[in-house]
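Take a look at the letters that make up each chain.
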Amino acid sequence: MTHRLRSWFLRGVLEALERQYGSAALSLLTAKVPRRLLPHASLERLRTSAALDTLSLDDGEELLLFIDSLLGDGGGRVLEAIGQDLAAKALGQGGVAKLGDLQGTVARLQAFLDHPFVDTPTLFELRRTDRGFSLLVGVVGRPRATRVLKHLAVGAVSAAERSAREGAGMKLSSDLLADRATLSVAYQRSEAPARRESELPPPSVRRTAQSVRPPSLSEEVERILSSHRLPSYPPPPRVPNLPKSWLPPEDKPPGSERPSEVQAVASRAPLSERPPTERLPTERTSEVQPVASRAVSAESAADRTPTERRRSKG
């Protein structure tokens, strides 16, 4: 079985290379590429090729790896940028992207990653994980082609994340082993996923670290002043104003103590109308009694001599 690669796919790679790095990158490629690969590195020749034209997979994977090492460091950054450009173009044309569903959008990119290979078995397995999903890609029996496909798939997933606009963000990591490449996508959610009732709680829960802010000077002064203040006691309950006759004998206040509230004083009868036993009160009251003015008789005033009058005045 002869493994082949479609010519239109290689034409799209060179066009994306021109958009990403300019026409100077194509001129550098034609000047540095090995002579046997020069016909496949000409963009003018590839544009005139038919839709069903193909080239050897050995030449195609060698040319793609040479482009990555010539314009980059050989780590796959150039191929990832090309894959992102081509996948974004494919997602924008046929409405492949599903808004809010990154995994569903990546699943629709299977044709984009498998169709360039002719008579070559490929792998594309998408699985859901606890934190996101994983994508297994590869070209069976072709480690170099799998390496190229891994870089193109990383760029395609990045383009799908932009088109889906899921909003949670993602963390993408990749691993290559022979003819198997695994891409792991983890969503960067701000909130922890809800735990089901059937699941057991985690053995330990980490407490979020809270930053301790030192108290300000005004707060420290307020704390010192509040510590030296006298404790405030609630006001005493208000005693209703009851007449003394209503109180039991043991609750009546002694005569030497004045009540805290002013009691109403009953009006008393004139002195002339009182009985003889009540004219001379036996106990003093707090009321101020009017004092009767003493009348001076006219005879005693006339008997006084001028000298006595002066003395009385003096």
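Caption draft 1: Seen up close, the overall build of the chain. The helix and strand tally for the chain stands at 12 helices and 7 strands. Within the chain, counting contacts between residues at least 6 apart in sequence, those at least 24 apart form 62% of the total.

Caption draft 2: The pairing of strand β6 (residues 170-177), seen in detail. By the bridge criterion, 8 bridges tie β6 to strand β7 (residues 180-187) in an arrangement that is antiparallel. Each residue of the ladder has a partner; that of lysine 171, found in β7, is alanine 186. Counting the residues in the hairpin turn of β6 and β7 gives 2 residues, including alanine 178, whose phi is positive at 55 degrees.

Caption draft 3: Spatial organisation of unusual backbone geometry. Positioned with a positive phi, aspartate 119 is a non-glycine residue whose angle comes to about 55 degrees. Within the secondary structure, aspartate 119 sits in the loop between β3 (117-118) and β4 (122-128). One non-glycine residue, alanine 178, lies in the positive phi region at around 55 degrees. Mapping alanine 178 onto the fold places it in the loop between β6 and β7.

Caption draft 4: Focus on the environment of leucine 99. With respect to the helices and strands, leucine 99 occurs in the loop between α5 (77-94) and α6 (102-107). Remark: the alpha-carbon pair of leucine 99 and arginine 165, spanning 66 residues in sequence, is separated by 6.0 Å. Discounting chain neighbours no more than four positions away, the residues touching leucine 99 are Ser163, Ala164 and Arg165.

Caption draft 5: Spatial organisation of empty space enclosed by the protein. Taken as a whole and assessed by the stated rule, the structure comprises 1 cavity of 30 Å³ or more. In this structure, the largest cavity occupies an estimated 50 Å³ of space. Along its surface, the largest cavity is lined by Leu5, Phe9, Leu57, Glu61, Leu64, Phe117, Ala145, Val148 and Leu152. If you list the elements that add at least two residues to the lining of the largest cavity, you get α4 (57-71) and α8 (143-164). Considered class by class, the residues forming the lining of the largest cavity number 8 nonpolar, no polar and 1 charged.

Caption draft 6: Summary view of the packing of aromatic side chains. All told, the structure shown has 2 aromatic pairs when counted by the stated rule. Geometrically, the ring pair formed by tryptophan 8 and phenylalanine 9 is edge-to-face, given 6.4 Å between the ring centres and 85 degrees between the ring planes. In this structure tryptophan 8 comes out as partly exposed when scored by relative accessible area, which is 29%.

Caption draft 7: Geometry of the pattern of salt bridges. Inspection of the entire model under this criterion finds 10 salt bridges. Two residues, aspartate 58 and arginine 142, come together in a salt bridge whose shortest N-O distance is 2.1 Å. Note that aspartate 58 is positioned in helix α4 and arginine 142 in the loop between β5 (132-139) and α8, a separation of 84 residues in sequence. The exposure class of aspartate 58 is partly exposed, given its relative accessible area of 38%. By sharing partners, the salt bridges in this structure join Asp58, Glu61, Arg142 and Arg144 into a single network.

Caption draft 8: A look at the pairing of β7. Two strands pair when backbone bridges link them, and β5 and β7 are joined in this way by 6 bridges, in the antiparallel orientation. Bridging from a neighbouring strand, leucine 136 pairs with threonine 182 of β7.

Caption draft 9: A look at the sheet that holds strand β1 (residues 4-6). Spatial strand order, β2-β1-β3: 3 strands in an open sheet with antiparallel pairing. The strands lining the two open edges of the sheet, one partner per strand, are β2 (54-56) and β3. In the packing of helix α1 (residues 7-21) onto the sheet, the strands contacted are β1 and β2, and the crossing angle to β1 comes to about 55 degrees.

Caption draft 10: Examining the sheet that holds β4 more closely. Judged by pairing direction, the sheet is antiparallel, and its 4 strands sit side by side in the order β4-β5-β7-β6 without closing on themselves. Edge positions in the open sheet fall to β4 and β6, since each of these has one partner strand only. For this sheet, the mean angle separating the axes of adjacent strands, direction not counted, is 15 degrees. On the sheet, α8 packs against β5, β6 and β7 and is oriented at approximately 170 degrees with respect to β6.

How each quantity is defined
- Residue numbers here run from 1 along each chain, matching the order of that chain's written sequence.
- Confidence filtering applies because this is a predicted model: local features only for residues at pLDDT of at least 70, side-chain atom pairs given and counted only at 80 or more, and all residues used for totals across whole chains, interfaces and linings.
- Computation of side-chain values covers all heavy atoms of the structure but excludes hydrogens and water.
- Here a strand is any run of E in DSSP of at least two residues, a helix any run of H or I of at least four, and the numbering for each starts at the N terminus.
- In what follows, a contact means two residues having at least one pair of non-hydrogen atoms within 4.5 Å.
- At least two DSSP bridges between two strands are needed for those strands to be called paired.
- Of the two site types, the cavity is a set of points on a 1 Å grid over the protein atoms alone where a 1.4 Å probe fits but cannot get out, and the pocket is an open set with protein on both sides within 12 Å along at least five of seven lines, each lined by residues with an atom within 4 Å of a point.
- Grid points are joined across faces, edges and corners, and a volume is the space filled by probe spheres set on the points.
- Gly counts as polar in this scheme, as do all residues outside two lists: the nonpolar Ala, Val, Leu, Ile, Met, Phe, Trp, Tyr, Cys and Pro, and the charged Asp, Glu, Lys and Arg.
- Two aromatic rings from Phe, Tyr or Trp, using only the six-membered ring of Trp, form a pair when their centres are within 6.5 Å; if the ring planes differ by under 30 degrees the pair is stacked, by over 60 it is edge-to-face, and anything between is tilted.
- Whether a residue is buried, partly exposed or exposed follows from its accessible area with a 1.4 Å probe, protein chains only, as a fraction of its type maximum: under 20%, in between, or over 50%, in that order.
- In what follows, salt bridge is the name for a side-chain nitrogen of Lys or Arg lying within 4 Å of a carboxyl oxygen of Asp or Glu.
- Each axis is a line fitted through C-alpha atoms, and for a helix only the stretch in contact is used; angles between axes span 0 to 180 degrees, taken between their N-to-C directions.

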